[in-house]
Every structure is written in structure tokens, then in C-alpha cells.
Amino acid sequence: MLTISHLSKRHPNAARAVFDELAFAVAAGEIVALVGESGVGKSTLLNCIAGLEPADRGAILIGREAQDIVRLDESARAALRAASIGFVFQAFHVLPTLTVAQNIAVPLLLSGVAPGEHQARIEALLARVGLAGFAQRWPPSLSGGELQRVAIARALVHRPALILADEPTGNLDPRTADEVLALLLERVREEHASALIVTHSQHVAQRCDRILTLTPEGLA
Amino acid sequence: MSRLRWQLAWWLIRAQFLTRRTATALAMLAIALGVALGYAIHLINAAALADFSQAMKSVQGEPDAVLAAKDNAARVPLALINEIARDPAVAIVAPVIETRVRVDHAAGHTADQAAIHPGAPVKLIGLDIFSAAAVMPGLLPRQDGGSIFEDGVHASPALLARLQLKVGAGVTLTRGAARWRTRIVGELPAARPGDLLLVADIAWVQARFGPPDAVSEGRLRLMPGTRPASWRESWSGRLPAGLTLRAAADDTQRVSNISRAYRVNLNVLALVALLTGAFLVFATQLTAVAQRSTQFALLGVLGLSPRMRLLQVLFEGLAIGVPGAALGLALGYGLALAFTRVMGGDLGGGFFSGSTPVIAASLLPSLGFFALGCAASLAGALYPAWLNRVQPLAQALKTGFAQRPPAVHGLRQRPRRTLLIAIVLLALAALGLTRLPALYELPLAGYGAIALVLVLGIAAAPLVTQIVFGAFARRALSAPQRVAVQNIVQAPLMAQVAASGLIVSFALTVSMVTMVSSFRLAVDQWLDTVLPAPLYVRSKGMPLPQELLAALDQPAAPFARIERTAHGALSLDPQRPAVVLLVREMRRADAAARLPFSGPVVAVAADRVVVWISEAMQELYRLAPGQTLRLPLLGREVDTVIGGVWRDYSRQFGAVVIAAADYLALGGHFEVSDLALWPRRGEEAAAKAWLAAHAAGYGLDIAESSEIRALSLSIFDKSFAVTYALEAAAMLIGLFGLAVTLAASVWLRARELATLSALGFDRAMLTRAVMFEGALIAGIGLGIGLACGIAIGAILTHVVNPQAFHWRMELTIPWLQVLLGAALTLAAGVIASRFAARLATRLPAAQVLASAQ
């Protein structure tokens, strides 16, 4: 669940706002694609939603508790991300010095899920992303597609209310991209989470429930 | 922090250690070294002090007070002892005579040199058996039936072993003109293993070595319920001039004070080692944070709070510090054990030579040193931790480590003017500290000034870098040079960290070289003045044999000139070591020619007694030339006039010279212990032979001035050997810091360098660019380090040495050594940057460009 209202953002010393009075919502279980030209502010919007960049005005309500991340301080934003948001990046960002299982366990540790549940959740998710038996493998030994599967498992393991994905298939070949996307959508729907996927790919966008196009003038 | 967060922290710490083994191990070792040095110094000194205290108790017992003369030539009258004994508050007074004698076999030959060291006289204690039983039970002889004190002396087991004699053996005891044949009639079973002692009945000693109506000391036990301090206070006003009542604890305190400045100096050196450890932790953690910035950013995005990102790096610092400090304690303990086995309890200052201490670790100091190691490690991790906390997550996730973090909590990047003002303020503060006097007789403000100069050097690095490289950037440069200069300007943090390591290490090296060089030159010049005669004879702690002195007075003696000196000791303050009294055969008018005066020589009226004091005495007792000085001489207080202050590098706690004629006029007895001899022209060889023949068998030190000079300088060089080792270690750590930070900088720019490679930079050009960058950074570090080093050298020479050891000297900068060192370090820096250059060119450019990170 994500509700954005009157959201405005202007970079310091910039002539015009990145976006102004932006408003939209993503319902529980809904997957929305966010498309737009390069430089239009898609990543900035995603950063604002995740609390990584401050918004100038407006509200961003996240999760079942509808917490406004704009109003939270840095530590509370981190806590909200840990509890309610899952991330999938174009560059995978899997920690190379932790095993696959440890990588997936990071959100569980940060969100305070009882340790007794960790192994079962990790093994179940690894099986569902097609990586059963990979728990003790090290990331440098995995392919790009496998790394992105690990990232998807990590994004879902703590059962967040919102998944934010930034070009999740951008670094993959078409066949692997297709497989990974299918997996991501399937798992998000299975968890009944909301998802906002930033993409340049029409193919990816078409497979989402709804498409939002960000333009310099606002959402279309 | 929850258990789950701890688990994550532990995973990250383990990963960090596994991926950066060498750097982590080196940082850990550096912390261990700092802790080990400090802990070993503490253990050795504590053990030596305990040993000394035990030895004092063994010989002196545990009296409540000791009545003694302030001048070692004076005595305590027996009448006074009897008067004090009648005081109802006094339980018992044990009169004691202490003297030193040479022990010869009954046949008349001195004991074999291998058996007993010549020139090391033995302490002879005369005591009254009944009072000694109450106050000094450790000195009681074995009672084998019959009278305890038969006509003879009792020897400690250690002395018997040294002399290779048994009870019943005949010996001759000699002191000056007094010589007595006697017998060893028993042992001293309670004497400590190393004690070389003879004990005899006080009347026996008095009868042979005098004086008959006085003793060396009275050791007192007070009645139960009497407060020793109040009782001493009540008597001190009634004591005759020249006598003092001191607490037994004063002796231990005095010995502790003797070595305090030396210990503090050694501890400062240990602290320097610890600081270099902290710097290594800093360099290691900073590069670790920089290299893992994307990972930390990811963790931040996943929900690791800013506080936890800061704590994580601090935990990693602590994870280096805890094992480092623990290892340091173990190393320090081992070092102390090994050191005391080989060298005894003396740390090199000569304050505890001869002691055989037992090393014992105690909990509180061990915990203190452990905490110090951990604190140094934490301090090193503090700035990298803060940088990790303020890294902009989105940017770090995309482009890696931001060397210029954004403003946080209102802190803005400092403009050049603010930096300049801060530098000027720091310089003024450092200058102000150098003007402060010693605190608690330690140069604490001087050490503070040194720390400020180092901070100043590091703070000045960005400004100097901006000025130098701003000018550089405007010049026409080759492509590799342009890349190097631009990188330093664009990535200032890594360049400054690398330069900082060199600034600190080179500054410390230059300062120590400058101080040692100034000191050595000063000692060399001083030796010229204090060793004017070609030959010297010395008898340690005893008067020279009368036969030798009489022979020297004969016309057949091949000497053109002889200068005699007697030694004494004056106690001006019970808690300070005694001042050395030098009674010298010299005319008042010749003083300026005979002593190395450091200031004006005052003309003193002929009817006044003139003395010349050393610089140490001037500073310790705040005296000035022309001032009247009341000295405890020959059992009374004598008003003297200070005729001048002379330089003395051998007696740290002060010395005072009085002309022999004046001393004799005061009623003193001139017991010559040192001779300066000028052989007749052309009879130098004959003079040496004559001396060898006449001094044989007395265990005297005979040396030519050149030998004394060589020995003195050799001792000087040895005492600074540890300093040279620390300098070398500091330079290696500085170079390691340069190599590590350059490597990290190159790692962070892997994609930029790969792009340059794709654009036409070949391997040689990339190597040249990185090595040029290393040379530029090393140049900046060495330049600032040189300036700071000279400033610190001046502080050490003009502030620390005079305040800690009362040694004054001129500043001499050994330019050749310093510049050669700078050139070598620069070359080593360039070689170290080859390591980073290899890293830059190792990976194929295509692979780097294709990689996601």
C-alpha cells in the first residue's frame, strides 16, 4: 500500500521542480509500472518514496499503518524501510562477503523477525525463486540471473507491504529477464504486496497491472 | 542493540577480517606493540620499585622514622639518640652506622676480579643487636651458640658466594687509611638473595671506622597510638641544624621520583607507538569504509540506521583493538620477563641498576592498558565511522564512496579563511604551551605542544594541497601528470589521509633526529670542558687509598699537575634524591676555566663561601647566581653564595661544587675519591705505567679522557637505540599508510582508470600517473612533516629536556641526515605507490567497465 499526495521536489539551485503536486496510490496486491524518459525524475521519485532523498512537500504513506515517510526522521525512515519495504535493483547489490542465505537473512535481522523462523523462510523462498541448495553459495560464484533471484528473495523475505524495483531486469539477457520478471510478479502477488517498478522496458511495463508515465509536467 | 543486530554486525566484522587480512593484522599488531611497550615499562618499573622497597625494608627494617644527617659527611650525635630515646612516645631507637669498605682476603690480596667486581665496595652495617631485633630483624646474624657478635663480621650469603669464602675465613676491611684484619664469624640468614652486606656490632665498627660519639642514623619505633607524622613534626623544630627526621616511606618515594621523568618519557614513546597503531586502524577502517561504501549504502537502504552504520565501523575498530590490546598485554608481560632476566630492573636510565625484580601482573593496571589499546583503536575508527554515517545512501549506492560528504547537522565545508584562522590559533596555542613551566615537575605542557604541532600539520595539509596543486593545475602537464594532479584535487580525502601518515611519522623522525643530534653535539662539547686532563682515576663511593695519594705527592711521580676531588651527598629535600657535593681542588679565580658555566660568573667577597651549582640544581630548587644558599655542610647549616651555574649532563638531580680550600676552612675532611692527572710532557706512557703499578689491587677505575669520552658517547648512543627503532617503525607505518590509501584510492577509481585505458592510456602511462600521484602526496607529507619535525625538535630540545631532565642545549638541525631521510622516504613512497599502480593496471579495462560495481 502506497499513497502519495501533493508531493513536490526541487533540487537545490535547479531552475524547475523535478516534480510538483504529484499524487497517486498503489493498492495492496497491485503492481504498478513507472515509466518515463531519462532524467524526468523516476529515480528521484523512487528515492523519495524510500526516504533516501527528502521531499520538499507532500505526503508518502506506506504500509498497513500508513506511515508518512516524509515526516519521519532518519532513524525512523530506516526502521520503516526495514519493516515495510523490499528493494530490487538493476545492479543486484548482493553483498559479496556474505553467503546467499546470509544475504537473504539481512532484512529478517533488521526487521526483528524471530530467529526461529529465519531458516524456514529462507529455504522456502530459495525454493520458490529456483535456488534450492544455493544457501551456502557465495555471490561471486553466481550468474547475473541467479544474483537477481537472490535479490528478489531478499526483497520478499520479511513480507514487506511495498516492493520498490528499479530496472530489475536491466542487466539481464532477454530470456533471463523474462524469467526473473515472471518470478518477481508471481511472488509479489503471492505475498499480496504492493509494487512500484521503474522501467524503460515496455515489455516489463505491459506485464504490470497499471502503467504510470512520469513527464516533466507530472503523471500521465 | 538486539541479538539479531549483533548477528548482522558479527557477520560484517568477520567478512571484513577475512577480506582484509593483512591490513587488519598489521593494525592489530601496531596496537599490540603500543600496549606491549607501555605495559612492559610499567611492569618493569613497578617490579623494580617493589624490589627496591623490599631491599630497603630488608636493610632498614620498617621504622616509623629515620633520624639522619642531611650531609653524608656528617653524623648523628649519640647524645641526641639518647635524648630521643627518653621521649615517652618512642618505643625504641636503633642506632646504625653505615659505611662502605673494600674486602680483601686475609693474605692481603683483593678478591679475585671474577669473584667480586673491583670498584664495587661492600656495605658494612654496624648495629646494636637488641634494638635491631625490634626494628631491623632482617639484619640479625645466625645464632649458632655463644655470643651473637663475636669479634668479627657477619656476611650475607650472596657476599660469601661472590667472595668464594666460608664462615671462619679471614678478611681485611679497608676504607681510606683505615684497615682492619678480621674474620667472618657468621651468616645473615634473613638477607635477600642479591644483598652484598657485612654486619657487625656497632661498637666494633665505631672503634675501627669511627667516629666514636656519633652514628649514621637512628631508626625509631614509636609507641602504639603515636601518630608518626605528628611526632616527627614535633621534633623537627628541636633538631640541631644539619639533621633531619624523615619517614621511611620517603625513601621509596624518592626512588620513585628519581625515575619518574625517565618513565614518563618512555611512556610517551610507548604512546607514540600506540598512536601509530591508532593511525593504522584509521587508515585501515577508512579504506574499508570507502571500499564497502556501496555495501553500507545497500544496508542503509534495507533499513540499517545511520547510528548502526556508525556503530558498525566502531565495532570493527574495537574488533581490531580488543585482540590487539590482549596480545599487547601478553607481549608486554613476556617482554618485561625477558628484559628483567637479561637486564635486571633498569630501563636504561641507570636508576635501578643491580636490582633483580620479580615481574607480577596486577589486575587494575592490566585493565588500564587493555582499555588504552581499545581506546586507541576506537579513536582510529571514529572518523571513518562518522564518514560512514553521513554517506548519502542513494549516491553511494550508485557511484560509491563520496569523499566530500554533504553537510550534516549544520556542519558546513570549511572555507579556506576558517581553516587559516584555525591553523593560526593552533600555532599560537602550541607556542603558548611551550612557555608554560613544568607541571608536577613533568613537561606536560611541552608534550601537549608537540601534540598540537602534529594536529597543526595535519590540519594544514588541505590548505597546502590546495595552494600547491592549484598552482600545479595551471601549468602545462603531461597526460599522466594531469590525471595525478586532478585526482588529488578532486579526491582530497584519500590524499590527505596518505599525507597525514607521512606528516606524523616524518615529523616524529625529524624531531627525534634533531633532538638527539643537538644533545649529542652538546654532550660532545661538554665532555671537552669537563675532561681537561689526559688521565682520570676514580674510586666508587670510597676514598682513594692513602698509599696512592702519598705516592702521588712524591717528586718521583711523573705528573705535572694533579687535581683532587671528593664526593659527598647533601639531602636538601627528603623526597628528592640527594644533591652531589663535589669538593674540588681549585682556586676560586679559576672557576670559569674549570667549570662549563652556562651563564655569568659572579664575583664573591673573599670572606664568603662560594659554591657553583649545576643547571639541574638551579631548576629543581629555583636558585640564581648571586643568591645566598644555605647548605647542610658538616652537620650544620652554612650560608654560601652561588657564584655561577654550570652545565652538567651526568647528575640529573643536581650538583654543587665547592673549592677544597673553602671546605677545609669550614672544618671538612677532604677524602679524595677522584683524580684528574696531567702527565709530564713526554712521560705519558711512563705515567700510565706508574699509575697501573701504584693502583694495582685497589679495584680503581683508571681511564684516559679519550676512553671516557668514547664510553660516554657509546652509552649515549645505546640509550637512544630504542628511539631509532621507534623512528624506523613510525616511518614504515607512514609508508604503509601511503600504500594502503593510494591502493584504496585506485580501487575507488577503477572505472575511471579503466575508462582512461579505453581512451588510450597504456599500462605504462597509468603506472606513471599513479606513481606521480604517490610522489606528489609523499612530497606534501614530507614537506609539512619536515616543518613540524623541526618545530617538535625545538620543543624537545628547549622545553621537554630542560623540564624533564634539566638538560639544556642549543638546537642543531642535522640537515644532511634530514634531507637524506626525506629523499629516501620519497623514493620509498614512490616504490610503495607502485603497489597501487599494479592494482590499477591488473584488471582488464573491459572487465572493469562491464562490471556492475
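Residues numbered from 1 in each chain as written. Chains lettered and ligands numbered in written order. Predicted model: local features only at pLDDT ≥ 70, side-chain atom pairs only at ≥ 80, totals over all residues. Heavy atoms only, no water.

Novice: Give a detailed account of the domain arrangement of chain B, specifying residues and quantitative values.
Specialist: Looking at chain B, the domain boundaries give domain 1 (75-241), domain 2 (422-531 + 707-853) and domain 3 (540-699). Each of domain 1 of chain B and domain 2 of chain B was reduced to a C-alpha centroid, and the two centroids are 59 Å apart. (Domains from an automatic or database assignment.)

Novice: Would you mind going over the interface of chain A and chain B in detail, with residue names and values included?
Specialist: The interface of chain A with chain B comprises 27 residues on the first partner and 26 residues on the second. When chain A packs against chain B, close to 2,500 Å² is buried across both sides, 71% of that on carbon and sulfur atoms. Run the count over chain A and chain B and you get one salt bridge. Counting across the interface, chain A meets chain B through three residue pairs in polar contact (both at pLDDT 80 or more). Counting residues per element, the ones that place at least two in the side of chain A that touches chain B are helix H2 (74-84), strand E6 (85-89), helix H3 (100-111) and helix H4 (115-128) of chain A. Residue contributions to the side of chain A that touches chain B peak at six residues, all from H3 of chain A. (Contact = heavy atoms within 4.5 Å. Buried area = accessible area lost by both parts, 1.4 Å probe. Salt bridge = Lys/Arg side-chain N within 4 Å of Asp/Glu carboxyl O. Polar contact = N/O pair within 3.5 Å; in protein donor to acceptor, adjacent residues only side chain to side chain. Helix = DSSP H or I, 4+ residues; strand = E, 2+ residues; numbered from the N terminus.)

Novice: So what about the pairing of strand E12 (residues 535-538) of chain B? Which residues, and what values?
Specialist: Residues and elements named next belong to chain B. Pairing of E12 with strand E19 (residues 674-679) involves four bridges; the strand directions are antiparallel. Considered in E19, the bridge of arginine 538 is made with aspartate 674. The pairing of E12 with strand E20 (residues 701-704) spans four bridges and is antiparallel. Residue pairing for E20: leucine 535 is matched across the bridge by glutamate 704. (Pairing = 2+ DSSP bridges.)

Novice: So, the pairing of strand E10 (residues 217-222) of chain B: which residues are in play, and what are the values?
Specialist: Residues and elements named next belong to chain B. Most of E10 sits out of view: five of its six residues are buried. Where strand E1 (residues 65-69) lies against E10, four bridges are found, and the strand directions are antiparallel. Across the sheet, the residue bridging to alanine 68 is glutamate 217, located in E10. (Buried < 20%, exposed > 50% of the residue type's maximum accessible area, 1.4 Å probe, protein only.)

Novice: Hey, could you go over empty space enclosed by the protein for me, with residue numbers and the actual values?
Specialist: Overall, the coordinates contain six cavities of 30 Å³ or more when judged by the stated rule. Roughly 70 Å³ of volume is contained in the second largest cavity. As for the second largest cavity, its lining consists of Leu95 and Thr97 of chain A together with Leu12, Ala15, Gln16, Thr19, Arg292, Gln295, Phe296 and Leu299 of chain B. Sorting the residues of the lining of the second largest cavity by element identifies helix H1 (3-19) and helix H9 (293-302) of chain B as the ones contributing at least two each. Sort the elements by how many residues they give to the lining of the second largest cavity and H1 of chain B lands first, with four residues. Within the lining of the second largest cavity, the residues separate by chemical class into five nonpolar, four polar and one charged. (1 Å grid on protein atoms, 1.4 Å probe; cavity = no way out; pocket = protein on both sides within 12 Å on 5 of 7 lines; lining within 4 Å. Points joined across faces, edges and corners; volume = space filled by probe spheres on them. Nonpolar A, V, L, I, M, F, W, Y, C, P; charged D, E, K, R; others polar.)

Novice: Provide a residue-level description of the environment of tryptophan 526 of chain B, including the pertinent values.
Specialist: Residue and element names in this part refer to chain B. Note on placement: tryptophan 526 falls in helix H16 (residues 492-530). Residue tryptophan 526 is classed as buried on the basis of its relative accessible area, which comes to 9%. Along the chain, tryptophan 526 and glutamate 83 lie 443 residues apart, while their C-alpha atoms are 49 Å from each other. The contact partners of tryptophan 526, leaving out residues within four places of it in the chain, are Pro596, Arg647, Asp648, Tyr649 and Ser650.

Novice: Could you give an account of the sheet that holds strand E1 (residues 2-9) of chain A, naming the residues involved and the relevant values?
Specialist: All names here are of chain A. Ordered in space as E2-E1-E4-E5, the four strands form an open sheet in which the pairing is antiparallel. Since the sheet does not close on itself, it has two edges, and those belong to strand E2 (19-26) and strand E5 (67-68), each with one partner. Here E1 pairs with strand E4 (residues 57-62) via five bridges, running antiparallel. Bridging from a neighbouring strand, leucine 2 pairs with isoleucine 62 of E4.

Novice: Before we move on, could you go through helix H25 (residues 763-805) of chain B and cite the residues and values that matter?
Specialist: All names here are of chain B. The sharpest bend along H25 comes to roughly 35°, located at leucine 796. Within H25, 31 of the 43 residues are buried, which leaves the element mostly enclosed by the surrounding structure. Histidine 806 occupies a position one or two residues after H25 and carries a positive phi of about 65°. (Bend = angle between axes of the 7 residues up to and from the residue.)

Novice: Residues and numbers for the packing of aromatic side chains, please.
Specialist: A full pass over the atoms with the stated rule returns twelve aromatic pairs over all chains. Centroid distance phenylalanine 519 of chain B to tyrosine 649 of chain B: 5.5 Å. Interplanar angle 70°. Geometry classified as edge-to-face. Of this pair, phenylalanine 519 of chain B sits in helix H16 while tyrosine 649 of chain B sits in the loop between strand E17 (636-646) and strand E18 (655-659), and the two are 130 residues apart along the sequence. Here the guanidinium or amino end of arginine 137 of chain A rests over the ring plane of phenylalanine 134 of chain A, the centre of that ring lying 4.6 Å away. (Phe/Tyr/Trp six-rings, centres within 6.5 Å; stacked < 30°, edge-to-face > 60°. Lys NZ or Arg CZ within 6 Å of the ring centre and 35° of its normal.)

Novice: So what's going on with the confidence of the model for chain B? Residues and values would help.
Specialist: Detailed reading of the predicted coordinates is not advisable wherever pLDDT falls low. Residues and elements named next belong to chain B. Put simply, chain B has an average pLDDT of 83, and 89% of its residues get 70 or more. Model confidence for chain B, summarised as mean pLDDT per element, is weakest for helix H27 (residues 845-850) at 62 and strongest for E18 at 95. In this model residues 107-119 is a low-confidence stretch, pLDDT under 50, and it forms 24 contacts with partners more than four residues away in sequence or in other chains. Note that pLDDT drops below 50 for residues 407-412; the model gives that stretch four contacts with residues more than four away or on any other chain. (pLDDT = per-residue confidence, 0-100.)

Novice: Explain a nonpolar patch on the surface residue by residue, including any values.
Specialist: Residue and element names in this part refer to chain B. Residues Leu420, Ile421, Val424, Leu425, Leu428 and Leu431 make up a contiguous nonpolar surface patch of roughly 560 Å² in combined accessible area. Within the secondary structure layout, leucine 425 lies in helix H13 (residues 416-435). You can call leucine 425 exposed: its relative accessible area is 53%. (Patch = residues over 30% accessible without salt bridge, like charges linked within 9 Å, V, L, I, M, F, W, Y side chains within 5 Å. Areas by Shrake-Rupley, 256 points an atom, 1.4 Å probe, with all protein chains shown as cover.)

Novice: Hey, could you go over the nonpolar core for me, with residue numbers and the actual values?
Specialist: In terms of nonpolar packing, the biggest core is built from 140 residues, with Leu2 and Ile49 of chain A touching the most fellow members. Beyond its immediate chain neighbours, meaning those up to four positions away, leucine 2 of chain A contacts Phe24, Ala25, Val26, Ile49, Ile60, Leu61, Ile62, Leu162, Ser194 and Leu196 of chain A. Within the second largest apolar cluster, 75 residues are counted, among which are Ile450, Leu756, Cys788 and Phe805 of chain B. (Core = buried A, V, L, I, M, F, W, Y, C linked by side-chain atoms within 4.5 Å.)

Novice: Outline the sheet that holds strand E8 (residues 194-198) of chain A, listing residues and values.
Specialist: Residue and element names in this part refer to chain A. Within the open sheet, the six strands sit side by side as E6-E7-E8-E3-E9-E10. Their pairing is mixed. Of all the strands in the sheet, the pair left with one neighbour each is E6 and strand E10 (218-219). Taken together, the four bridges between strand E3 (residues 31-36) and E8 define a ladder with parallel strand orientation. Bridge pairing in E8 links isoleucine 31 to alanine 195. The strands that helix H1 (residues 42-50) touches are E3, E6, strand E7 (162-166), E8 and strand E9 (210-215); relative to E7, the one it contacts most, it runs at about 150°. On the sheet, H2 packs against E6 and E7 and is oriented at approximately 80° with respect to E6. (Axes fitted to C-alpha atoms, helices over the stretch in contact; angles between N-to-C directions.)

Novice: Could you give an account of the packing of H3 of chain A against H1 of chain B, with specific residues and numbers?
Specialist: As a packed pair, H3 of chain A and H1 of chain B sit with axes 8 Å apart at the nearest point and diverge in direction by 145°. H1 of chain B is crossed by H3 of chain A, and the crossing has left-handed handedness. Here H3 of chain A contributes Gln102, Ala105, Val106, Leu108, Leu109 and Leu110 of chain A to the contact with H1 of chain B, which in turn contributes Leu4, Arg5, Gln7, Leu8, Trp11 and Arg14 of chain B. (Left-handed = near helix turned anticlockwise from the far one by under 90°.)

Novice: Summarise the side chain of threonine 176 of chain A; cite the residues concerned and give the values.
Specialist: On the secondary structure map, threonine 176 of chain A appears in helix H6 (residues 174-191). Polar side-chain contacts of threonine 176 of chain A include one of 2.7 Å to the side chain of aspartate 173 of chain A.

Novice: If you had to explain helix H3 (residues 78-85) of chain B to someone new, which residues and values would you point to?
Specialist: Taken together, the buried positions of H3 of chain B are occupied by Leu80, Ile81 and Ile84 of chain B. Buried residues along H3 of chain B cover an arc of 105° about the axis, so they all sit on one side. (Arc of directions from axis to C-beta.)

Novice: Residue-level account of the packing of H3 of chain A against helix H5 (residues 144-156) of chain A, with values.
Specialist: All names here are of chain A. H5 packs onto H3 with a crossing angle of 30° between their chain directions and a minimal axis gap of 7 Å. Overall, the two elements H3 and H5 adopt an arrangement that is roughly parallel. Read as a crossing pair, H3 and H5 show a hand that is right-handed. From H3, Val100, Asn103, Ile104 and Pro107 reach across to H5, where they touch Val150, Ala153 and Arg154. (Parallel < 35°, antiparallel > 145°, perpendicular 65-115°, else oblique.)

Novice: Which residues make up the pattern of salt bridges, and what values do they have?
Specialist: Here the structure, examined in full by the defined rule, presents 38 salt bridges over all chains. Between arginine 564 of chain B and aspartate 553 of chain B there is a salt bridge, with the nearest N and O atoms lying 2.9 Å from each other. Here arginine 564 of chain B is found in strand E13 (residues 559-570), whereas its partner aspartate 553 of chain B is found in the loop between helix H17 (546-552) and E13, with eleven residues between them in sequence. Residue arginine 630 of chain B is joined to aspartate 639 of chain B by a salt bridge in which the shortest nitrogen-to-oxygen separation is 2.9 Å. Among the residues examined, aspartate 639 of chain B registers a relative accessible area of 35% and is labelled partly exposed. When salt bridges with common partners are traced through the structure, they connect Arg128, Glu186, Arg187, Glu190 and Glu191 of chain A into a single cluster.

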